[in-house]
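So you can see what is in the structure, the chains are spelled out below.
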Amino acid sequence: MSGETVLRVKDLYKRYGDRIVLKGVSFEIRKAEVKAIMGPSGTGKTTLLKCIDMLVKPDSGRIWLEDLELTDPRIDIGEARKKIGFVFQEFNLFHHLTAIKNVMIGLTKVKKLPKDEARTIAERALLKVHIERELWDKYPAQLSGGQKQRVAIARALAMEPMIMLYDEPTSALDPQLTGEVLEVIKELAEDGMTSLIVTHEVGFASEIADEIMIMMDGKIIERGDPRKVIHNPRREETRRFFSKILKIGDESR
């Protein structure tokens with residue numbers, strides 16, 4: 001693994017009205033590293049990802065993508081976002097476009113690539129996430145949830161991002177479809193894609209992540225080797241969190 005830092009977040013704060021959602025969050029991700037963020041709902045995980053992509057402007061703190069400071073008001077945030085892939089919970093595909101055109105649209109509209117070149121890149125991305133050729137001209141309504149999410153991953157991947165952000169990418173899927181999406185994310189990580197993943201999938205995080213960060217009440221309260229954090233946490237809050245979600249996982253089997 002390279003020691004090159006791809007993403008650096010320093011002392012990030014975000015407030016909505018009287019509620020402080022992020023309270024001094026700081027961490028770094030190196031090239032080809034995979035970090036997972038876990039924690040109860042409402043603790044600021046999604047807001048953190050949106051701040052990194054500058055979909056939400058933090059109130060204070062700084063974010064760097066390599067040497068580019070995303071929080072510098074002088075930067076062209078549209079250009080900066082080309083370097084960040086974001087995969088949302090709810091797919092966010094264009095319903096009036098086929099699978100392949102959903103992948104092509106960023107290449108033609110944002111990167112201004114010719115359609116032939118964009119299609120070649122889109123085809124490569126769709127194959128990478130195991131979307132068969134017979135599905136390329138299907139519309140989102142004709143695809144399963146897992147297929148839609150894999151198309152969404154292909155769309156982000158086609159832009160050749162420096163880092164992929166995943167916001168609970170399997171939360172809207174049933175267990176069978178969850179497995180196929182997680183396998184794609186794992187394969188991309190094994191190929192060296194730098195990744196930051198918000199997930200509730202404990203086994204997956206344990207297998208794929210170089211580090212797990214536990215967020216509660218807007219702060220990272222514990223971080224470290226996944227197996228140690230999950231099975232032998234230092235903090236009582238972390239212990240209670242994993243005890244609860246592991247019990248829920250057992251009951252759902």
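Right above here is the structure, for reference.
For clarity, every value in this text was computed on a predicted model and none was experimentally measured.

## Describing the overall build of the chain
Here is step 1: The helix and strand inventory of the chain stands at nine helices and 10 strands.
Here is step 2: Scaling as 2.2 N^0.38, a compact globule of 253 residues should have a C-alpha radius of gyration of about 18 Å, and the chain matches this with 18 Å.
Here is step 3: In the chain, once contacts between residues fewer than 6 apart in sequence are set aside, the share between residues at least 24 apart is 65%.
Here is step 4: When the accessible area of the chain is evaluated, it comes to approximately 12,600 Å², of which 47% is carbon and sulfur surface.
Here is step 5: Counting 42 positive and 40 negative side-chain charges, the chain places the centres of these two groups 4 Å from one another.

## A word on unusual backbone geometry
Here is step 1: Phi angles above zero are rare outside glycine, and E168 is one such case at about 40°.
Here is step 2: At D217, a position not held by glycine, the phi torsion is positive, near 50°.
Here is step 3: By the secondary structure assignment, D217 is in the loop between β9 (211-216) and β10 (219-224).
Here is step 4: Residue classification places D217 among the partly exposed residues on the basis of a relative accessible area of 48%.

## As for the sheet that holds strand β3 (residues 34-38)
Here is step 1: Spatial ordering of the open sheet is given by β6-β7-β8-β3-β9-β10, a layout of six strands whose pairing is mixed. For this open sheet the edge positions go to β6 (84-87) and β10, each flanked by a neighbour on one side alone. Sheet twist, expressed as the mean angle between neighbouring strand axes with direction ignored, is 20°.
Here is step 2: Helix α5 (residues 145-158) contacts β6 and β7 (163-167) of the sheet and is inclined by roughly 170° relative to β6.

## Notes on helix α3 (residues 99-109)
Here is step 1: Within α3, eight of the 11 residues are buried, leaving the element largely enclosed by the surrounding structure.
Here is step 2: The set of residues buried in α3 consists of A99, I100, N102, V103, M104, G106, L107 and T108.
Here is step 3: The inward-facing, buried residues of α3 contact α4 (115-128) and α5.

## Regarding the pairing of strand β4 (residues 60-65)
Here is step 1: Here strand β1 (residues 5-16) runs beside β4; their pairing, made up of five bridges, is antiparallel. Each residue of the ladder has a partner; that of K10, found in β4, is R62.
Here is step 2: In this structure, β4 lies alongside strand β5 (residues 68-69), joined through two bridges in antiparallel fashion. Of the residues in β5, the one forming a bridge with L65 is L68.

## A closer look at the side chain of S206
Here is step 1: Relative to the helices and strands, S206 resides in helix α7 (residues 202-208).
Here is step 2: Residue classification places S206 among the buried residues on the basis of a relative accessible area of 12%.
Here is step 3: Once residues within four sequence positions are removed from consideration, S206 is found in contact with P226, R227 and I230.

## Here's the deal with the packing of α5 against helix α6 (residues 175-190)
Here is step 1: The N-to-C vectors of α5 and α6 enclose an angle of 20°; their axes lie 8 Å apart at closest approach. Taken as axis vectors, α5 and α6 run roughly parallel relative to one another. Considering the relative orientation of α5 and α6, their crossing is right-handed. Here α5 contributes G145, G146, Q147, Q149, R150, I153 and L157 to the contact with α6, which in turn contributes L177, E180, V181, V184, I185 and L188.

## A few points about a positive patch on the surface
Here is step 1: A cluster of basic side chains, namely K101, K109, K112 and K115, defines a positive patch on the protein surface.
Here is step 2: The residue K109 is located in helix α3 in this model.
Here is step 3: What makes K109 exposed here is its relative accessible area of 59%.

## Thoughts on the pattern of salt bridges
Here is step 1: Counted by the stated rule, this structure contains 17 salt bridges.
Here is step 2: Here R62 makes a salt bridge to E69, at a shortest N to O gap of 2.9 Å.
Here is step 3: A relative accessible area of 41% places R62 in the partly exposed class.
Here is step 4: Put simply, K35, E211 and R223 are held in one network by salt bridges that share partners.

## Considering the nonpolar core
Here is step 1: Core analysis: the biggest nonpolar cluster contains 55 residues, and I153 and I212 have the highest contact counts within it.
Here is step 2: Residues in contact with I153, not counting those within four places in the same chain, are V87, V129, M164, Y166, V181, V184, I185 and L188.
Here is step 3: One finds I29, L49, L196 and V198 within the second-largest nonpolar core, a separate group that totals 28 residues.

What counts and how
- Residues numbered from 1 in each chain as written.
- Predicted model: local features only at pLDDT ≥ 70, side-chain atom pairs only at ≥ 80, totals over all residues.
- Heavy atoms only, no water.
- Helix = DSSP H or I, 4+ residues; strand = E, 2+ residues; numbered from the N terminus.
- Rg over C-alpha atoms; globule rule 2.2 N^0.38 Å.
- Contact = heavy atoms within 4.5 Å.
- Areas by Shrake-Rupley, 256 points an atom, 1.4 Å probe, with all protein chains shown as cover.
- Lys, Arg positive; Asp, Glu negative; His and termini not counted.
- Charge placed at Lys NZ, Arg CZ, Asp CG, Glu CD.
- Buried < 20%, exposed > 50% of the residue type's maximum accessible area, 1.4 Å probe, protein only.
- Pairing = 2+ DSSP bridges.
- Axes fitted to C-alpha atoms, helices over the stretch in contact; angles between N-to-C directions.
- Parallel < 35°, antiparallel > 145°, perpendicular 65-115°, else oblique.
- Left-handed = near helix turned anticlockwise from the far one by under 90°.
- Patch = residues over 30% accessible without salt bridge, like charges linked within 9 Å, V, L, I, M, F, W, Y side chains within 5 Å.
- Salt bridge = Lys/Arg side-chain N within 4 Å of Asp/Glu carboxyl O.
- Core = buried A, V, L, I, M, F, W, Y, C linked by side-chain atoms within 4.5 Å.

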